[in-house]
Amino acid sequence: MEIRENLYYSEDHEWVRVEGDLAYVGITDYAQHHLGDIVFVELPEIDSEYAAGDTIGVIESVKAVADMHTPVSGTVVEVNEALEQAPESLNKDPYGRHIAILRLSDPEELGNLMNAEQYTAFCEQAEE
Amino acid sequence: MSKLIFEKSVKGARSFTLPGSDLPDRVPEEIPADFLREEDPLLPEVGEVEAVRHYTELSRKSYGVDSGFYPLGSCTMKYNPKINEWAARLPGFAGLHPYQPEETVQGALELMYELQRMLCEITGMDAFTLQPAAGAHGEMTGAMIIKAYHNSRGDTKRTKMIVPDSAHGTNPATANMLGYKVIEVKSDERGLVDVEDLRSLMSDEIAGLMLTNPNTLGLFEENIREIAEIVHAAGGLLYYDGANANAIIGIARPGDMGFDVCHLNLHKTFATPHGGGGPGSGPIGVKGFLVDFLPVPVIEKSGERYRLSYDRPRSIGKIHAFYGNFGVMVKAYAYIKALGNTGLKEVACNAVLNANYLRTMLAGSYDIPYNRLCKHEFVASARKQKKETGVTALDVAKGLIDRGFHPPTVYFPLIVEEALMIEPTETETRERLDAFVEALLEIDREARENPERLKEAPHKAVIRRPDETAAARNPVLKWEPGK
Amino acid sequence: MNYVPNPPWVVREMLDTIGIKSMEDLFADIPEAVKLNRELNLPRPESEMELRRDLAALAARNLAADDRPCFLGAGAYDHYIPAVVEHLLLRSEFYTAYTPYQPELSQGILQSIFEYQTMIANLTGMDLANASMYDGGSALAEACALACDTTRRRKILLPETVHPAYRQVIQTYAMGGKMEIVPVPGDEGIADPEAVTSRIDKQTAAVVIQHPNFYGNLETELRRIEQAVHGAGGLLIMAVDPISLGLLKPPGEWGADIAVGEGQPLGNPLSFGGPYLGFFAATEKLMRRVPGRLVGETVDRDGNRAFVLTLQAREQHIRREKAGSNICSNEALCALAATIYLTVVGKEGLKEIARRCHGLACYARQQLEKAGLKLKYRKPFFKEFAVAIGDPQAANAALLKEGIIGGYELEGALLLAFTEKRTRAEIDRLVSVLGGIAHE
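Rules used throughout
Residues numbered from 1 in each chain as written. Chains lettered and ligands numbered in written order. Predicted model: local features only at pLDDT ≥ 70, side-chain atom pairs only at ≥ 80, totals over all residues. Heavy atoms only, no water. Contact = heavy atoms within 4.5 Å. Buried area = accessible area lost by both parts, 1.4 Å probe. Nonpolar A, V, L, I, M, F, W, Y, C, P; charged D, E, K, R; others polar. Salt bridge = Lys/Arg side-chain N within 4 Å of Asp/Glu carboxyl O. Phe/Tyr/Trp six-rings, centres within 6.5 Å; stacked < 30°, edge-to-face > 60°. Helix = DSSP H or I, 4+ residues; strand = E, 2+ residues; numbered from the N terminus. Buried < 20%, exposed > 50% of the residue type's maximum accessible area, 1.4 Å probe, protein only. Lys NZ or Arg CZ within 6 Å of the ring centre and 35° of its normal. Pairing = 2+ DSSP bridges. Polar contact = N/O pair within 3.5 Å; in protein donor to acceptor, adjacent residues only side chain to side chain. Axes fitted to C-alpha atoms, helices over the stretch in contact; angles between N-to-C directions. Parallel < 35°, antiparallel > 145°, perpendicular 65-115°, else oblique. Core = buried A, V, L, I, M, F, W, Y, C linked by side-chain atoms within 4.5 Å. Domains from an automatic or database assignment. Right-handed = clockwise from strand over helix to strand, strands pointing away. Patch = residues over 30% accessible without salt bridge, like charges linked within 9 Å, V, L, I, M, F, W, Y side chains within 5 Å. Areas by Shrake-Rupley, 256 points an atom, 1.4 Å probe, with all protein chains shown as cover. Lys, Arg positive; Asp, Glu negative; His and termini not counted. Charge placed at Lys NZ, Arg CZ, Asp CG, Glu CD. Expected span 1.5 Å × (residues − 1).

Another point: the interface of chain C and chain A. On the side of chain A, 12 residues touch chain C, which itself brings 8 residues to the contact. The contact between chain C and chain A buries some 810 Å² in all, and 47% of this surface belongs to carbon and sulfur atoms. A per-residue breakdown of the area chain C buries against chain A is headed by Arg288, Ile318 and Arg319 of chain C, which together make up 56% of the total. Of the residues in the side of chain C that touches chain A, the class split is 2 nonpolar, 1 polar and 5 charged.

Take a look at the structure:
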C-alpha cells in the first residue's frame, strides 16, 4: 500500500495536495484497494461551496459505494472530468488522479489532517 | 453462444393472427397524424415454434427449487405446492377485473378477508392489509403507518429510525424513503441487539425500531420483551420484519413479543413461488391502535357480504393501484388451508431442525461464528478457508454450483466476514442435506488440495464468472442491431 | 396436506445428531413469556381433494370477465393472452427460482430480463428500461421520486387526467417529505395546458402526463407542455399504455425523460388487480439513478456472452440508507409473460392489436352517437372513452343484467374500454342497452 509524502490525509481516506490557495483532493490507495474495481465516479458541481467533511461526490465499485468527502472547506473550481470516462484510473493511480480542486476558504484546517507518517499508523490500526 | 430472440428474428415470420374484422370499412379514425408512430418498434418476428423453443431453452438455463436444493439464506426457498398454481389460475380468480361490481367478486373478497384473519391469528396482530406487493413494499407501508401515527399525535420531532447493524439493506433504505435519519444499533458478542446500546440511543426523537426476529444471523432475539419495553417507554414503535417468520410460525407471534407493526412475505413463509425475482406479496399487520392508518381500501364484512371500504379518513392512502398481488394471495390462502392449525407449527419445527442439523454437520470444517442453537438459518464463514488456502466464500459458492446445488447467500450479513448464510427450509429431506454437507466438505478438501480449481469454478455451468466490473463500467442494458 | 418430507424416525435421528431431546428443545431460546403454547386457531388441515373443492367453490362465486364481454378498463385491460404465454410460464425453472444472484445458474432468467428491457426500451423509444417494478402506480411514484432526487427540486405537477389511483399512490409516497404534489385541473378531458405552464417554476421537478390519459383521451397539448417543463429545467414523466405504442408516437419521441406504465396488458391476466408489472424506462442520463434491478450484457472468463445484474451500487443492499429506493424485487415472472407475449404477437401483431382496439372504439363511438348518446369529452382517444350517461351505476346494473360487464363509473359518464377481444356483435349489444337507457 502506497502512502505519499507531502500530502495531507483524512480519516475517511482522502488526500489533499496544496498548491497556493488551491487544494487538490482525491482518494488514497487504501481507499481504492478497499472499494475494489471502481466503476463510476459522481463529481461535484463547479462553483459549489463545501465545508470540511461535506459529501462532494460518490464513488461506486461493483459491490460497494462510498461517499467522497472533502477534507477541507472551499469552493470547487475544477473537477476531473476524465474520471467520468475512465473511473478505473482511480484504481491504477489514486494519487495521480484528483477528484476535484477547491479554492481553500480556511487553510488553517489543514492542521487538522494527518501527515504521511500519522496516516500510515492510522491505516495499520484500521487493519487490525 | 446464446442468441437473443431478436437475433432469431426473420422478417415477416409470425404465427399470431387476429380474427377477421367484421367492422364496417368506413369507421373514421380518431388519431391526428402527428400522434402516430412513424417507425415500427423493434420487436422480434418469429413463429410460435421458435418462440417456444427459445424460452424453453432459457428455462433450462435457470435453476429453481424444482431443480434442486436452494439454501439461499433469508430467502426461504421452500417447495411451491402445485395445487396452489392451479388455484390461482382458475378463471374465477385470474379472470376478474379489479373494478368489477362487488356483487360479482364476493368469492375473491372472501378469500382476502379470510386470509387477513388467518394472518392475524398467525402473527397475533389485530388487522392486516394485503396491499403491499413485496416485502420491501410492506416495510415502506409499515414505516408510513408509524409516521402517520406519530404525526396524528402532533409528535413530529421523531425523525430517526433505529435499525440493527445486521439488518437487511431494505430496512435503512425504507427508513430513508420516509425521510427518517437512520441510527444503527450494535450487535453484542452473542449476535443479538445490544440492549444497553439500544437504551442509550432512545430519545423522544426516535420513531421506532425495525427488527427481524429471528435476526439475520438466524438467532432469536431473546431479550425481545425488554427491547419492546425500552422502545415503547420512549414513545417509539416496534416494527417486525417478517423475512424470517418461517422459524416461528405456530411457536411464537410478533404480536405477543410486543411488535406494533409487522410484515410477512407470502413468497417466503407461505410457499408462494419467487418467480425469478417476483411477484411476491408483503402484507402488513398492525395492533388495534394503528388500524385507522392502514391503506385503503379495507375489506369489510357485514352479514354475509364483503365490500371494499374507502371511507377511512386517517388512512395513509393507497400504495398499489389496486388491491395488491391477488394471484399470490390465492396461493398463500391455499397453503394455509392445506397446512391448517397443526401444519404451520410443523413447518417451523422442521425448518429449525434442518438448519440445526446442517449447522451441526458443518461445524467441524467451517467456522460458525455464533455456533449455538439457531432458528431456521445460520451463518457459516469461509474465513478459515480464506486464511489458510485463499479460497473465499464466493469460490465456495461457485464450487457448489459444480456439485449441483444453488449456493447459500454470500457476504451477508455484513457483520460476518466471508459469510455463507444457509437456510435449508423444512421441505428438504435428510438425504438432500447430507449430500449438501458432503459437497461442502469436498470443497473444503479441494480448497486445501487444489485451490486454483475452485478459483476457476464453476466448470460445469453454462458460463463462468462473468465480468461484472466491465458490465458496470460500460453498461449494455439492451440489444441493438449491428452492435 | 403437508410438505415436510422427513418421517418421524428420521426426525428422531436428526435430533440425536444435533444432540437435542425433542422438537420443543429447538425453541429453548424463545422466552416462555412469548411462546404461543397452544394450537393456532385455524381450520384443520385439508387434503388436496378438499382444497380443490373449496377453492373451486370460492372461484365460482365470482363472475369471470372471460365469461362475459368486459368493457371495463381504467388501468387493467382484458386483452387476449396467447396460450403459449401461460404454457411457458409453468416451466418451473422460471417460477420457482429466486432473483438471479448467481449468474451461472440464472442465465435463462437474466437473458429473458435483458430481452424484456430491450423490448420496453424499443416500445417506449427510450434509451433504457429496468427489469420492472410492482405495478404502474408504484412505478410512476418511483419516477416522481427520481425526478425530485435528480433535479434537487420538490414539486411534481400532477394533472387530474392521471389515473386517480396512481395519483393516490404518488400522494402516499410523498409522505417521505421529499416531494410536493401540485394538482392540475383537467376539466376538458386533458391536462389544462394553461394551468400546467403557469404552474411550472424553478422548483418544478417534473410534470406527469398520462397519455392516453385516464379518460382514454390523447393529451393533445403534449408538445407545449414538454417545451414548458424542459424550458424550466424540469423533467417530463409519461405514463403510457404499452398496447397503444403499436400505434402511437412513443414517449421518447415526445421528449420524455422517464416513461412508465402498467405492463399488465402485455400477456398478464386481470387477476383482480395483481400481480401486474410496472415498466420503467428512462434516458441514458438517468441510468445510474434508475430504481430497481438492471440486467447488463458482459462476457465471462472464457469470452462467452453473459448476462448479470448490474449497477448494483444504486441498490438498497449496498447503498442502504443512501439508496434512492428500497425496492429489491422486480416482477420477473410478469415481465417474462410480457416478453413472451411481445415475442409471440411480434411487431406486426402488436400493431394490428392496437389498430383493432382503436377501430372497435371508433365503431362503438359511432354507434353510441347514432343511438343518441354523446361522449363526455370531445377529444381524440385510443381504445377507451367516456360516454355521458345520467346514472352510470344504473347503466352498469342494466348491462350486468344483460350479461355484460360495463364500464368504470365516472361522474355522469361511463368509461368504456375496447380490447381486440371485443366484437362488433358485443358492441352492438352494449349500444342497444345503453341506447335503451338513454331513451327511457
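There is more to say, and it comes next.
A word on the pattern of salt bridges. Here the structure, examined in full by the defined rule, presents 69 salt bridges over all chains. A single network of salt bridges, built from pairs that share partners, joins Glu121, Arg253 and Asp256 of chain B together with Arg38 of chain C.

The full count for this structure, using the stated rule, is 31 aromatic pairs over all chains. Geometrically, the ring pair formed by Phe214 of chain C and Tyr408 of chain C is edge-to-face, given 5.4 Å between the ring centres and 90° between the ring planes. Here Phe214 of chain C is found in the loop between strand 4 (204-210) and helix 9 (222-231), whereas its partner Tyr408 of chain C is found in strand 11 (residues 408-410), with 194 residues between them in sequence. For Tyr408 of chain C, a relative accessible area of 19% gives the class buried. Taking NZ or CZ as reference, Lys147 of chain B lies 5.5 Å from the ring centre of Tyr180 of chain B, over its face.

Glancing now at the environment of Asp106 of chain A. With respect to the secondary-structure elements, Asp106 of chain A resides in the loop between strand 9 (100-104) and helix 4 (116-127). With 103 residues separating them in the primary sequence, Asp106 of chain A and Ile3 of chain A have C-alpha atoms 25 Å apart.

So, on to the sheet that holds strand 12 (residues 419-422) of chain B. Residues and elements named next belong to chain B. Pairing is antiparallel in the open sheet, where 3 strands are placed in the order 10-12-11. Each of the sheet's edge strands pairs with one partner strand only, and the pair in question is strand 10 (378-381) and strand 11 (409-410). In the sheet, strand 11 pairs with strand 12 via 2 bridges, with the strands oriented antiparallel. Considered in strand 12, the bridge of Val410 is made with Leu420.

What follows covers the interface of chain B and chain C. Taken together, the contact pairs 205 residues of chain B with 195 residues of chain C. Viewed at the interface, chain C and chain B are joined by 12 salt bridges. Note that Glu110 of chain B and Arg61 of chain C form a salt bridge whose closest N and O atoms lie 2.0 Å from each other. Across the contact surface, chain B and chain C share 94 residue pairs in polar contact (both at pLDDT 80 or more). Counting residues per element, the side of chain B that touches chain C draws most heavily on helix 10 (residues 326-362) of chain B, at 26 residues.

Once that is clear, we can look at the side chain of Gln264 of chain C. All names here are of chain C. Structurally, Gln264 can be placed in the loop between strand 6 (258-262) and strand 7 (278-282). Within polar-contact distance, the side chain of Gln264 engages the backbone nitrogen of Tyr77 at 2.8 Å. From its side chain, Gln264 meets the backbone oxygen of Asn268 in a polar contact 3.0 Å long. The contacts of Gln264, once residues within four sequence positions are left out, are Gly75, Ala76, Tyr77, Pro269, Leu270, Tyr276 and Leu277.

All names here are of chain A. With 4 of 5 residues buried, strand 9 lies mostly within the body of the structure. For strand 3 (residues 22-27) and strand 9, the ladder comprises 4 bridges, and the chain directions are antiparallel. What sits directly across from Ala23, in strand 9, is Leu102. Direction of pairing for strand 8 (residues 74-79) relative to strand 9: antiparallel, over a ladder of 5 bridges.

Taken N-terminus to C-terminus, the directions of helix 1 (residues 48-60) of chain B and helix 5 (residues 107-124) of chain C make an angle of 135°; their axes are 6 Å apart at the nearest point. When the axes of helix 1 of chain B and helix 5 of chain C are compared, the pair comes out oblique. Contacts between helix 1 of chain B and helix 5 of chain C involve His54, Tyr55 and Leu58 of chain B from the former and Gly108, Gln111, Ser112, Glu115 and Met119 of chain C from the latter.

In terms of nonpolar packing, the biggest core is built from 217 residues, with Leu119, Leu198, Phe270 and Leu344 of chain B together with Ile156 of chain C touching the most fellow members. Ranked by residues supplied to this core, first place goes to helix 10 of chain B with 21 residues. Leu198 of chain B has contacts with Ile162, Val185, Val193, Leu209, Ile227, Ile230 and Val231 of chain B, leaving out every residue within four places of it along the chain. Leu4 and Val65 of chain B together with Ala97 and Leu342 of chain C belong to the second largest nonpolar core, which has 88 residues in total.

For chain C, the assigned domains are domain 1 (8-47), domain 2 (68-79 + 348-438) and domain 3 (83-340). Centre-to-centre, using C-alpha coordinates, domain 1 of chain C lies 46 Å away from domain 3 of chain C.

Take the pairing of strand 3 (residues 181-185) of chain B next. All names here are of chain B. Looking at chain direction, strand 2 (residues 160-164) and strand 3 are connected through 5 bridges and run parallel. Bridge pairing in strand 3 places Val163 opposite Glu184. On the question of chirality, the crossover connecting strand 2 to the parallel strand 3 by way of helix 6 (residues 170-177) is right-handed.

What follows covers a negative patch on the surface. A cluster of acidic residues, Asp34, Glu38 and Glu39 of chain B together with Glu253 of chain C, forms a negative patch on the protein surface. Inspection of the secondary structure assignment puts Glu38 of chain B in the segment before helix 1. The exposure class of Glu38 of chain B is exposed, given its relative accessible area of 67%.

The next thing to look at is the sheet that holds strand 2 (residues 14-19) of chain A. All names here are of chain A. Spatially, the 6 strands line up as an open sheet ordered 1-2-3-9-8-5, and their pairing is antiparallel. Each of the sheet's edge strands pairs with one partner strand only, and the pair in question is strand 1 (8-9) and strand 5 (49-50). Pairing of strand 2 with strand 3 involves 6 bridges; the strand directions are antiparallel. Within strand 3, the position partnered with Val18 by the bridge is Ala23.

Here we come to helix 5 (residues 135-152) of chain B. All names here are of chain B. In this model helix 5 runs 25 Å from its N-terminal to its C-terminal C-alpha over 18 residues, within 8% of the 26 Å that 1.5 Å per residue would give. A large share of helix 5 lies buried, amounting to 16 of its 18 residues. Immediately downstream of helix 5, the backbone of Gly154 shows phi near 70°, a positive value.

The linkage connecting Asn213 of chain B with the following residue, Pro214 of chain B, adopts the cis geometry, with an omega of 0°. Its place among the elements puts Pro214 of chain B in the loop between strand 4 (206-212) and helix 8 (224-233). A cis geometry characterises the amide bond from Ala457 of chain B onward to Pro458 of chain B, with omega recorded as 0°. Positive phi outside glycine occurs at Asn6 of chain A, with the angle close to 65°. Counting through the fold element by element, Asn6 of chain A comes out in the segment before strand 1. Note on Asn6 of chain A: relative accessible area 73%, which makes it exposed. We note that Arg465 of chain B has phi near 40°; this positive angle belongs to a residue other than glycine. Within the secondary structure, Arg465 of chain B is located in the loop between helix 14 (451-455) and helix 15 (468-473). Taking relative accessible area as the criterion, Arg465 of chain B reaches 12% and is therefore assigned buried.

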